[in-house]
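What the coordinates show
For reference, the chains in residue letters:
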Amino acid sequence: MAIIGSDILYAQRLLTAGQVVAIPTETVYGLAGNAYDTAAISTIFSTKQRPSFDPLIVHVGSMAQAQSFTTPWPSTAMQLAQYFWPGPLTLVLEKNSRIPDIVTAGLPSVGVRMPQHSLALSLLRQLPFSLAAPSANPFGYISPTTPQHVQQQLGGNIPYILDGGSCVVGLESTIVGFERAKPVIYRLGSISVEAIEEAIGPVSILEPAADTAPQVPGMLTSHYAPTKPLRIGDLDALLAQYSPQEVGILAFDRLHPAIAPERQVVLSPSRSLREAAQRLFAAMRTLDALPVEVILATPVPDAGIGKAINDRLKRASH
């Protein structure tokens, strides 16, 4: 199994030697490798069993580092970076030859972000290279938000998990790209559409793509999914289709009286969408481990970060 610890120098030595390491961010844990090393990137893909057509996001410790492997930025991209970095915002920008094509699945653009996590930033700022780092889980499964989540599924295949505690945001970054210099949200995330528009004005939102050849990271329709079927909708209507003993419940703010409490997880009794987002993936894992046949979920209010929560529920149920 992987060693779990907070030794940044040890993580740095492993990464410099071409190995991969799980690292914390504010969103989810990432499986990181040298973004300029094709062998390290190949290890990321094989460890996750991730298809090579699905591009990776590159993490940086400074704006200068991001600019070193991208072409001149649209002015709105610079505005967004200045407004939200470090933070859970990924920008899709034209890349130069420094980023190998394997990172971007042969596409001319690369997703890049600066995480808002002290350990991750300290590590990135001590390395002479950027880190490609998709979520540290088997491809398609629920994203990990604690070191233990990573250990449970990848611990036998990686040497080290840099322990940064539980992720405080718990939902992946918002991904914004630029088509003819106009901003487009490719993936809803922990920075809301409203916050993006407050910074730069109106943006368009692109729907997730079919499960082949996405044009940017985070575009697959089926993702973030438990091993058990997940269905979304009105709980009373869904429960009419199943025996009470068959189901687990993923609820927003209150327990359902027809189901035993130990087979339910409430995301936020106080109806906080931020709390619901932070707990979403851990709740899915808890329910997936129970002796149930199906997980039934209610959508959350579709505003702010609630849009991203509903997006993850929809993809998990696809």
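Definitions and cut-offs
- Residues numbered from 1 in each chain as written.
- Predicted model: local features only at pLDDT ≥ 70, side-chain atom pairs only at ≥ 80, totals over all residues.
- Heavy atoms only, no water.
- Helix = DSSP H or I, 4+ residues; strand = E, 2+ residues; numbered from the N terminus.
- Rg over C-alpha atoms; globule rule 2.2 N^0.38 Å.
- Buried < 20%, exposed > 50% of the residue type's maximum accessible area, 1.4 Å probe, protein only.
- Contact = heavy atoms within 4.5 Å.
- Polar contact = N/O pair within 3.5 Å; in protein donor to acceptor, adjacent residues only side chain to side chain.
- Pairing = 2+ DSSP bridges.
- Axes fitted to C-alpha atoms, helices over the stretch in contact; angles between N-to-C directions.
- 1 Å grid on protein atoms, 1.4 Å probe; cavity = no way out; pocket = protein on both sides within 12 Å on 5 of 7 lines; lining within 4 Å.
- Points joined across faces, edges and corners; volume = space filled by probe spheres on them.
- Nonpolar A, V, L, I, M, F, W, Y, C, P; charged D, E, K, R; others polar.

Quick look at the overall build of the chain
Per the secondary structure count, the chain includes ten helices and 15 strands. For 318 residues, the compact-globule estimate of 2.2 N^0.38 gives 20 Å, and the C-alpha radius of gyration of the chain, at 19 Å, lies within 12% of that figure. The principal-axis extent of the C-alpha atoms belonging to the chain is close to 55 × 45 × 35 Å. Buried residues in the chain amount to 59% of all 318 residues. Look at the contacts in the chain between residues 6 or more apart in sequence, and 66% of them connect residues 24 or more apart.

Quick word on the side chain of Thr 47
Inspection of the secondary structure puts Thr 47 in helix α2 (residues 38–48). Within the local environment of Thr 47, its side chain forms a polar contact with the backbone oxygen of Thr 43, the two atoms lying 2.7 Å apart. Other than its neighbours up to four places away in sequence, Thr 47 contacts Leu 31, Leu 154, Asn 157 and Ile 158.

Some details on the sheet that holds strand β15 (residues 294–297)
Strands sit in the order β12-β15-β13-β14 across an open sheet of four strands; the sheet is parallel. In this open sheet, the two edge strands, each paired with only one partner strand, are β12 (230–232) and β14 (264–266). The sheet shows a mean angle of 20° between the axes of neighbouring strands, taken without regard to direction. Two strands pair when backbone bridges link them, and strand β13 (residues 247–251) and β14 are joined in this way by three bridges, in the parallel orientation. Following the sheet pairing, Ile 249 is matched in β14 by Gln 264. Where helix α10 (residues 306–317) meets the sheet, its contacts fall on β12, β13 and β15, and the angle it forms with β12 comes to roughly 130°.

Details of helix α5 (residues 118–126)
An α-helix turns once every 3.6 residues. As a result, residues three or four positions apart point the same way. Inspection of α5 places Leu 119, Ala 120, Leu 121, Leu 123 and Leu 124 among the buried residues, and these make up the whole buried set. Where α5 is buried, its residues contact α1 (8–16), β2 (21–23), β4 (57–59), α3 (63–67), β7 (131–132) and β8 (160–162).

Details of empty space enclosed by the protein
Going through the model one piece at a time under the given rule, you end up with one cavity of 30 Å³ or more. One number sums up the size of the largest cavity: a volume of about 290 Å³. Around the largest cavity sit 26 residues that line it, and Ile 57, Pro 134, Ser 135, Glu 172 and Arg 187 are the ones nearest its centre. Of the residues contributing to the lining of the largest cavity, the split by class is eleven nonpolar, ten polar and five charged.

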